[in-house]
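# Close look at the chain arrangement
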Number of protein chains: 6
Amino acid sequence: MATILVLNPNSSTSVTASMDKALEPLRQSNGPDIACATLAEGPAGIETQAHVDSVAMPVADYFRSHKADAYVIGCFSDPGIHVARESVDAPVLGIAESAYLTALGLGYRFGVVAILRASVQRHMRAIRQLGLEGRLAADRPLDLGVADMANADRTISRIIEVGTVLRDQDRADVLILGCAGMGIYRGEIESRLGVPVVDPTQAAVMRAIGFLSLGYRRAA
Amino acid sequence: MATILVLNPNSSTSVTASMDKALEPLRQSNGPDIACATLAEGPAGIETQAHVDSVAMPVADYFRSHKADAYVIGCFSDPGIHVARESVDAPVLGIAESAYLTALGLGYRFGVVAILRASVQRHMRAIRQLGLEGRLAADRPLDLGVADMANADRTISRIIEVGTVLRDQDRADVLILGCAGMGIYRGEIESRLGVPVVDPTQAAVMRAIGFLSLGYRRAA
Amino acid sequence: MATILVLNPNSSTSVTASMDKALEPLRQSNGPDIACATLAEGPAGIETQAHVDSVAMPVADYFRSHKADAYVIGCFSDPGIHVARESVDAPVLGIAESAYLTALGLGYRFGVVAILRASVQRHMRAIRQLGLEGRLAADRPLDLGVADMANADRTISRIIEVGTVLRDQDRADVLILGCAGMGIYRGEIESRLGVPVVDPTQAAVMRAIGFLSLGYRRAA
Amino acid sequence: MATILVLNPNSSTSVTASMDKALEPLRQSNGPDIACATLAEGPAGIETQAHVDSVAMPVADYFRSHKADAYVIGCFSDPGIHVARESVDAPVLGIAESAYLTALGLGYRFGVVAILRASVQRHMRAIRQLGLEGRLAADRPLDLGVADMANADRTISRIIEVGTVLRDQDRADVLILGCAGMGIYRGEIESRLGVPVVDPTQAAVMRAIGFLSLGYRRAA
Amino acid sequence: MATILVLNPNSSTSVTASMDKALEPLRQSNGPDIACATLAEGPAGIETQAHVDSVAMPVADYFRSHKADAYVIGCFSDPGIHVARESVDAPVLGIAESAYLTALGLGYRFGVVAILRASVQRHMRAIRQLGLEGRLAADRPLDLGVADMANADRTISRIIEVGTVLRDQDRADVLILGCAGMGIYRGEIESRLGVPVVDPTQAAVMRAIGFLSLGYRRAA
Amino acid sequence: MATILVLNPNSSTSVTASMDKALEPLRQSNGPDIACATLAEGPAGIETQAHVDSVAMPVADYFRSHKADAYVIGCFSDPGIHVARESVDAPVLGIAESAYLTALGLGYRFGVVAILRASVQRHMRAIRQLGLEGRLAADRPLDLGVADMANADRTISRIIEVGTVLRDQDRADVLILGCAGMGIYRGEIESRLGVPVVDPTQAAVMRAIGFLSLGYRRAA
């Protein structure tokens, strides 16, 4: 049986557990095994560029030492994506990249809900790299601290606030949750906002399953 | 069990059969049923804009009268895609659109192998609609007549010729077969050209499976 | 004498009559005959994609059976434009396409006044097809029902409201009326908003006259 | 009767005469008067940026002192177009700008035939200003000296050579003659190359007639 | 010792003096001489397109008759930049162009503070010429009359108002002062707005110094 | 006296020495001190993505522990640029980014000479991030092995070959050397190809000097 390895590059096992739960709908009895792992040496959360860059090599190393048929980097900064692709002979998918590509098929203009203001420029670099800025409605931060994020109600309610601005003012017709581990709230957010919502981890694993079915050996 | 209905809008059952065979790797024992159908009233092949536009309403009508959980329009002109989306309460995926979105994840610059010179402008309109022209390397026609297409060796050899130009001169690093029913040759073409090749019907069904797993009810 | 045939693809003869009246300034004693016709089999109004796609072949058929020197499709969705071009050996101009090209010469950023919210994505597809999204300020709907449209004062006053937002907030310096049959109000709207306004039917016929004078046999 | 004043900003009356002749098809018995004039103080030909900039103010001055209902600047560098627009209360059209806008309606990708290599960058600046670079196939110079240009056969044969490269290698499907006074050869070039050809002076006057018919008072 | 000649193409010596003062930080004991001059024949201020075009040739003439190792055109409309480049065998830098290129290295999205509403389109033409519109946040006018500009407090306070909108609403993270002679206020504006501010004259002279150090003989 | 620290992130001191020599023209008696350093822990050359990512944190660490007024990352992959910017309170300039911005002022279309084919996609990502792909002519690899690079004549002659294709076929009018340590050959390459050539290390230090003169504290 084929295996998809989803690595959470931060060391918070609660985030890994939440991602794992959000992937449940993608598990099929005869489908690939979807395993979620935590990068023990990662920071508690990936918020700064130093966090991103410090896990790039460890992500690639982890993949090299854990054999799988497809790999997913479970952080919206896609840390180490290019070195990981160079390191293993299997598709490596980033969750941000996967979210952008998936959103293209769900709406005309995608909006991104960022955690922090400082992440917006990092997202813009990724979106421009992919040549997709013509489809971006806007990228707006939640400006939530870690303490607030632990409070699910507060987080969802803030996502609804920011998502409403993205939908009504920026005219986004599909939203991307710019973080890992929120897929479990996707249903509620979709039903309250009335637009499709992309959980990036789900999007990446969905793509990984497709890659395995069709025999693609490398992503780019 | 969920059902994906793939409709070949031309009346050639041999094309439908070839598409059906190319979808074999996407069938899983517990996955959705993938059924291929032929639009009996369609033309023998879809080559002209009149062919495209004459099947738009019939495609939508066919979908409306054949209940499925996701629909795929099995023609690289995506005929009737917008009216079909308006007509049924389930995702409708075009194979051209799916090929473009899939190619974005397999390379930096995609090349398209068109059947006829006259199709190139139609493809360009679709690529521009999606805002993806910045990722297009080139779109080059095979200029093959129907008689030639029946000859598999001749067809493959011509695809290799055109694909070589796309790869070497236009610097494409992923190729799209701009036609339905050639997925069965994908492996040979990939191994001879050394770049990933997208069969659009496979790409669309792969996306449909993902939509069903994640509960997306509409494509756009 | 050369003839320009303007076909209203909906069956409302009052719309045809209004278009006809708005074209009066383009009629010259020695110029081409400008005839407006109604597609009897069309829907009462073209609001949905089903309306658009259902008239594509009838538009082409009508043109094929009514000889003219240039053809204009009198609906802002340009239904059947590509098949019509394939069907007759004379220029076929869409009124939306003509409005976009004309607006490029009247201002830097064009704003579009759409009838319905649902039309905006259809417009966006057309604007992207033409590669002109860099010149678009915004496309905003009137959200008027058919009953409201019958009321000229109400319609004009709503166009002024939306046009003011396009001009002041979106910084459009030229406006396009995204509908047929409103050319008769152009003067009033222009004088109240202080920016040039494009009636798409006028724009298309103006272009058709030019094509005939200069001997161009095909539009693209 | 309305008047369109076409000013050749170089002092070569033979160029003015040739432009005048090429405009013959646009003259209608009841249509506007189309008068061609020569800027006596202009250089013999406009080849350098100094030529372009030295006639900007004289063009505007000429227009200010010669009342007309629409003005056309008959040089492919559109010298003085912005100051002229500021100077008179009537539409001022440049022939290059008009050629680009007209070509958008005749093909998907336009090719430009420049006289001199040094003009190509000037054209690129204009095309980028208009936001139309996505529609440009290529701009290639004839590299002809003045003496060669006097020889019609030699000029046409060189245009055919360059036009063939633009059509076959750069995939242009419409060509623009990047010079004034060649409209008289348009028919021959079109029939030999099999693609529509835009004479910029014709394009500008065609647009001017439309502006007058529809009452637009300013171009932009 | 090398010389950089900065020409103020308007005749206001107070503007020249202000520019001269703002360039003080760029003067090094062993660096190039930076001389500011006034075009005596220029208008009192460059506000209209007629002002711009009327000084194009005089700027080039002035440069040709005043030998320097690099030239800077000290007006945000970059009047005569192309003809000046053709006229002298040394780099000619425009201050607007220099401001745009410099801003690209200081932020992701640049905002422009224009003096007058009428200048905005002129700026847009320049930004599009350079292919940089994807990096523009917005260009907003101060709408200040000459009298107001003489009042430094009033001017700064209005720049702060407009700059705040550019930063907060248009999401600019670097601002350009769209005028010459305001460099002396840069420090105050930067500290009050908290984003880097580009004085175009400083930017141009900074680039000129680099060109001289590295031996580049021409700008483009 | 201000200090600019240029860090070669590979461990080859010969490359550092070559960079140091190429920076000689930027050293002024009263200007900032320009010091070149070698990252002892870096790989012998930076060729793979693993090389790039493995030095990101060390570059930032090195800067944090070596106080300077401006920092330059002396490798055409700009490794660690974003984390370094987050780490120190002074401008951090990448040499690739600086080369692109500098080339914009020297020509219309820039060509890049890459060392290896595998670097081209990395360059494309950077160019797209900056929104500058509209100005790129092409990026072509030398495909030289390390052994060949030691041979200056062989290297220059290969650069001339590739540069000729970029200039004549891709129509680049300015070239960028996509590597550090070749600035010493710039003069010869420029005189043989007749177009300006950008040495990225020189470009970055030139910009750093400007930042220091004008008091900019951060690059972006």
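From a predicted model like this one, the values you see are computed outputs, not experimental measurements.

## Looking at the overall build of chain A
Each helix and strand counted, chain A has 10 helices and 8 strands in total. Relative to the compact-globule value of 17 Å for 220 residues, chain A shows a C-alpha radius of gyration of 16 Å, a close match. Projected onto the principal axes, the alpha-carbon positions of chain A cover approximately 45 × 35 × 35 Å. For chain A, buried positions account for 60% of its 220 residues. Sequence-distant contacts in chain A: of pairs separated by 6 or more residues, those separated by 24 or more amount to 70%.

## A word on the pairing of strand β1 (residues 3-8) of chain A
Residues and elements named next belong to chain A. Counting buried positions over the 6 residues of β1 gives 5, a clear majority of the element. When β1 meets strand β2 (residues 33-38), the two strands line up parallel, connected through 6 bridges. Looking across to β2, one finds that threonine 3 is bridged to aspartate 33. Regarding topology, helix α1 (residues 13-22) serves as the crossover connection from β1 to the parallel β2, and that connection is right-handed. Direction of pairing for β1 relative to strand β3 (residues 70-73): parallel, over a ladder of 4 bridges. Bridging from a neighbouring strand, leucine 5 pairs with tyrosine 71 of β3.

## Digging into the relation of the copies chain E and chain D
When chain E is fitted onto chain D, the two copies agree to an RMSD of 0.0 Å after a turn of 180° and an axial shift of 0.0 Å. When the rotation and shift are considered jointly, the pair of chain copies conforms to a two-fold rotation axis. Same-surface contact between copies: 100% of interface residues of chain E are shared with the interface of chain D.

## Some remarks on the interface of chain A and chain B
Every contact between the two is made by 27 residues of chain A and, on the other side, 27 residues of chain B. Tallied by class, residues from the side of chain A that touches chain B come to 12 nonpolar, 12 polar and 3 charged.

## Observations regarding the confidence of the model for chain A
Reading predicted coordinates in detail is not appropriate for stretches of low pLDDT. Put simply, chain A has an average pLDDT of 95, and 100% of its residues get 70 or more. If you check the scores for this complex, the pTM reads 0.96 and the ipTM reads 0.96.

## Re the sheet that holds strand β5 (residues 110-114) of chain D
Residue and element names in this part refer to chain D. The 4 strands are arranged β6-β5-β7-β8 in an open sheet whose pairing can be described as parallel. Single-partner strands in this sheet number two, and they are β6 (136-141) and β8 (197-198). Pairing of β5 with β6, which is carried by 5 bridges, proceeds in the parallel orientation. Paired with valine 112 across the two strands is aspartate 139, which belongs to β6.

## With respect to the sheet that holds strand β1 (residues 3-8) of chain B
Residues and elements named next belong to chain B. The strand order across the open sheet built from 4 strands is β2-β1-β3-β4, with neighbouring strands paired in parallel fashion. Of all strands in the sheet, those bounded by a partner on one side alone are β2 (33-38) and β4 (92-94). Across the sheet, the mean angle from the axis of one strand to that of its neighbour is 20°, orientation sign disregarded. Across the sheet, helix α10 (residues 200-214) lies against β1, β2, β3 (70-73) and β4, angled at about 165° from β3, the strand it touches most.

## Describing the packing of helix α5 (residues 95-103) of chain D against helix α10 (residues 200-214) of chain D
When two helices pack together, their arrangement is captured by the angle between the axes and the distance separating the axes. Residue and element names in this part refer to chain D. Between α5 and α10, the least distance of the axes is 7 Å, while the angle of their chain directions is 85°. Comparing their axes, α10 and α5 come out roughly perpendicular. Within the contact between the two elements, α5 uses Ile95, Ala96, Ser98, Ala99 and Thr102 and α10 uses Pro200, Thr201, Ala203, Ala204 and Arg207. Taken together, the residues of the contact of α5 with α10 sort by class into 6 nonpolar, 3 polar and 1 charged.

## Some details on the domain arrangement of chain A
Residues and elements named next belong to chain A. Under the domain assignment used here, chain A contains domain 1 (3-94 + 201-214) and domain 2 (97-199). Relative placement of domain 1 and domain 2: their C-alpha centres are 20 Å apart. Counting only elements with at least two residues in the side of domain 1 that touches domain 2, the list comes to α1, β4 (92-94) and α10 (200-214). When its residues are assigned to classes, the side of domain 1 that touches domain 2 shows 8 nonpolar, 8 polar and 4 charged.

## A look at the nonpolar core
Here is a general trend for soluble globular proteins: nonpolar side chains tend to be buried in one another's company. One finds Val205(A), Val205(B), Val205(C), Val205(D), Val205(E) and Val205(F) to be the most contacted residues of the largest nonpolar core, which totals 479 residues. In this view, Val205(E) contacts Ile4(E), Val6(E), Leu23(E), Leu26(E), Ile34(E) and Val72(E); residues no more than four positions away in its chain are not counted.

## Some thoughts on the environment of Thr38(D)
All names here are of chain D. Counting through the fold element by element, threonine 38 comes out in strand β2 (residues 33-38). Under the C-beta neighbour-count criterion, threonine 38 is labelled buried, with 20 such atoms within 10 Å. Spatially, the C-alpha atom of threonine 38 lies 8.9 Å from that of valine 15, the residues being 23 residues apart in sequence.

## Observations regarding the arrangement of the chains
One finds no contact between chain A and chain D; the C-alpha atoms of the two approach each other to within 13 Å at their closest. For the non-touching pair chain B and chain E, the nearest C-alpha separation works out to 13 Å.

## Comments concerning the environment of Leu130(A)
All names here are of chain A. Mapped onto the fold, leucine 130 is located in the loop between α6 (119-129) and β6 (136-141). The buried category is assigned to leucine 130, around which 21 C-beta atoms lie within 10 Å. For leucine 130 and cysteine 179, which are 49 residues apart along the polypeptide, the C-alpha to C-alpha distance reads 19 Å. Residues within four places of leucine 130 in sequence aside, it is in contact with Glu97 and Tyr100.

## Points about unusual backbone geometry
Phi is positive for Arg171(A), which is not a glycine, with a value near 60°. Relative to the helices and strands, Arg171(A) resides in the loop between α8 (152-168) and β7 (174-178). At Asp78(C), a position not held by glycine, the phi torsion is positive, near 45°.

## Topic: helix α5 (residues 95-103) of chain C
Counting buried positions along α5(C) gives 9 out of 9 residues, so the element sits mostly inside the fold. Along α5(C), the residues classified as buried are Ile95(C), Ala96(C), Glu97(C), Ser98(C), Ala99(C), Tyr100(C), Leu101(C), Thr102(C) and Ala103(C).

## Overview of the environment of Ala172(E)
Residues and elements named next belong to chain E. Looking at the element boundaries, alanine 172 is found in the loop between α8 (152-168) and β7 (174-178). Look at alanine 172 and you get buried, because 27 C-beta atoms sit within 10 Å. If we ignore the near neighbours within four places in the chain, the residues touching alanine 172 are Arg109, Phe110, Gly111, Ala137, Ala138, Leu166 and Arg167.

Cut-offs and rules
Once a new chain begins, its residue numbering starts again from 1 and follows that chain's sequence as written. Labels follow written order: the first chain is A, the first ligand is 1, and so on. Since the coordinates come from a predicted model, pLDDT governs what is reported: local features require at least 70, and pairs of side-chain atoms require 80 or more to be given and counted, while whole-chain, interface and lining totals use all residues. Segments assigned H or I by DSSP are reported as helices when at least four residues long, segments assigned E as strands when at least two residues long, and all are numbered from the N terminus. This radius of gyration counts C-alpha atoms alone. The globule rule is 2.2 Å times how many residues there are, raised to the power 0.38. Using C-beta atoms placed from the backbone, we call a residue buried if 20 or more other C-beta atoms fall within 10 Å of its own, exposed if 12 or fewer do, and partly exposed for counts in between. The contact rule is simple: place each C-beta atom from the backbone, and if two of them lie within 7 Å, those residues are in contact. One requirement defines pairing of two strands: DSSP has to find at least two bridges between them. Here the term right-handed applies to a crossover when the path leading from its first strand over the helix to its second strand runs clockwise, the strands being oriented away from the viewer. The copies were overlaid by least squares, fitting only the C-alpha atoms of residues that reach a pLDDT of 70 or more in each copy. Three residue categories are used. Nonpolar comprises Ala, Val, Leu, Ile, Met, Phe, Trp, Tyr, Cys and Pro, charged comprises Asp, Glu, Lys and Arg, and polar comprises the others, including Gly. Scored from 0 to 100, pLDDT records how confident the predictor is in each individual residue. Convention adopted: a line fitted to C-alpha atoms gives each axis, helices being fitted over their contacting stretch, and angles between N-to-C directions are expressed from 0 to 180 degrees. Throughout this description, any angle smaller than 35 degrees is read as roughly parallel, any larger than 145 degrees as roughly antiparallel, any in the 65 to 115 degree range as roughly perpendicular, and the remainder as oblique. Domain delimitation follows an automatic or database domain assignment. Put simply, a nonpolar core is a cluster of buried Ala, Val, Leu, Ile, Met, Phe, Trp, Tyr and Cys residues tied together by C-beta atoms within 7 Å.

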